[in-house]
Amino acid sequence: MAPKYPVLPSLRAADSLLKSSTAAITGDLVYAGDKTKWRKFCNGLRLRYLLRSSSKLSSAGSEMQKIVTDGTIFQNASEGAELTLPSSVPYAFPSITERSGDYAIKYCNTLLYNFFVNTGDQQRLSLLFAKNVTNQIASGFNFSYYGGMPIVSDANTSQVNSSSGFNNTIFLSNPSSIVLKSRIITYQEVQFILAEASLKGLITGTPATYYNNGVLGAYADYGIDATSAAAYLANPNVVYNPLNALNQIVTQKWVGNFDVGFEGWIEYRRTGIPAFDATSANLNGGKISTRFLYPPDEQTINTANYQAELKIQGGGAESTIYKAWWEK
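Residues numbered from 1 in each chain as written. Predicted model: local features only at pLDDT ≥ 70, side-chain atom pairs only at ≥ 80, totals over all residues. Heavy atoms only, no water.

### Describing the environment of Gln313
Mapped onto the fold, Gln313 is located in the segment after helix H15 (303-312). For Gln313, a relative accessible area of 13% puts it in the buried group. For the pair formed by Gln313 and Phe258, sequence separation is 55 residues and the distance between their alpha carbons is 31 Å. Every residue in contact with Gln313, bar those within four places of it in the chain, is listed here: Arg291, Glu318, Ser319 and Tyr322. (Helix = DSSP H or I, 4+ residues; strand = E, 2+ residues; numbered from the N terminus. Buried < 20%, exposed > 50% of the residue type's maximum accessible area, 1.4 Å probe, protein only. Contact = heavy atoms within 4.5 Å.)

### Quick notes on unusual backbone geometry
Look at the link from Val89 to Pro90: it is a cis peptide, with omega at 5°. Within the fold, Pro90 resides in the loop between strand E1 (81-83) and helix H4 (100-104). In the segment running from Ile273 into Pro274, the intervening peptide bond is cis, with an omega of -10°. With respect to the helices and strands, Pro274 occurs in the loop between helix H13 (261-271) and helix H14 (296-301). In the Ramachandran plot, Ala32 falls in the positive-phi region, its phi being about 50° despite a non-glycine side chain. With respect to the secondary-structure elements, Ala32 resides in the loop between helix H1 (7-20) and helix H2 (35-52).

### Things to note about the packing of aromatic side chains
Under the definition given, this model contains 21 aromatic pairs. Ring centres 6.1 Å apart and planes at 65° place the aromatic pair Phe166 and Phe258 in the edge-to-face group. Taken together, the residues Phe166 in the loop between helix H7 (157-162) and helix H8 (168-171) and Phe258 in the loop between helix H12 (245-256) and H13 connect sequence positions 92 residues apart. In this structure Phe258 comes out as partly exposed when scored by relative accessible area, which is 24%. Where Phe262 meets Trp265, the ring centres are 5.4 Å apart and the plane angle is 65°; that geometry is what we call edge-to-face. Note that Phe262 and Trp265 are positioned in helix H13 at a spacing of 3 residues, about one turn of the helix. According to the relative accessible area criterion, Phe262 is partly exposed, its value standing at 44%. Judged by relative accessible area, which is 17%, Trp265 ranks as buried. Among the aromatic residues, those joined into a cluster by ring pairs are Phe93, Tyr103, Phe115, Phe116, Phe129, Phe166, Phe171 and Phe258. A cation sits over an aromatic face here: Arg52 above Trp326, 5.7 Å from the ring centre. A cation over an aromatic ring shows up here: Arg269 above the ring of Trp265, its NZ or CZ 4.4 Å from the ring centre. (Phe/Tyr/Trp six-rings, centres within 6.5 Å; stacked < 30°, edge-to-face > 60°. Lys NZ or Arg CZ within 6 Å of the ring centre and 35° of its normal.)

Rendered as structure tokens:
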């Protein structure tokens, strides 16, 4: 029987097996055989997918509450499902071995740069990105020494010189940096999930508390000190605002998942937050794609389910803008 990938039932089963099993876990590069942490990992993924499907799945709230009540979830940033990558090819973080020409054309985008400026996020801006060409020898820190690249198909010289590329001291020269871990799901993401779930009444708890934990956890995940994190959390544009709570929660999650870009894309599809520029330099009819096309192997190995999926999409060729069941 070809797979249909029942994610939530599989994660529930995994959590149950890990809870009851007495067998040792060997060869574990993430948690060194710690079953409780693996359960927390499973439950983090469950919370992610339950929130994603909560508008369609009537049992989502009650299942999320059971997980919260049980308490087997990440308690701090050190418990996130993250893997320190080797420095050798082909296992290193992609930028470490990337061709110089490909690396050089990647920039902080305007939306992210404006977020850093508006929230006073000096720590993450200077950690992740370099000063722009115009100010590359300037001493000290100033937000004006950095910049964001607008969405364009062919940047002009002025745009290139005023935009910030990645921080070479990390992304090219430090494969063991805490920034370059392979992150699957983190403590900060789980806290933002709980913040949104409590905001919407899916679970008990205080949205502001979960939100604050998420912000502090995101800083901790990059090894930024607690004093700087507390100062950032006190910024007026960061302080939890019930009138703008959903936008704050999802935007902070998007930034916290900077190096888990797939999740940022899905969060945009789910919430429309943050407000991406979907029209500039867009070759997809002015729309941001909502799905990847299936790879050739899936079409040949899993043919029956692949053909069934095409029928669900209306027949004919695959579409890049067909929406998943949870986002319709």
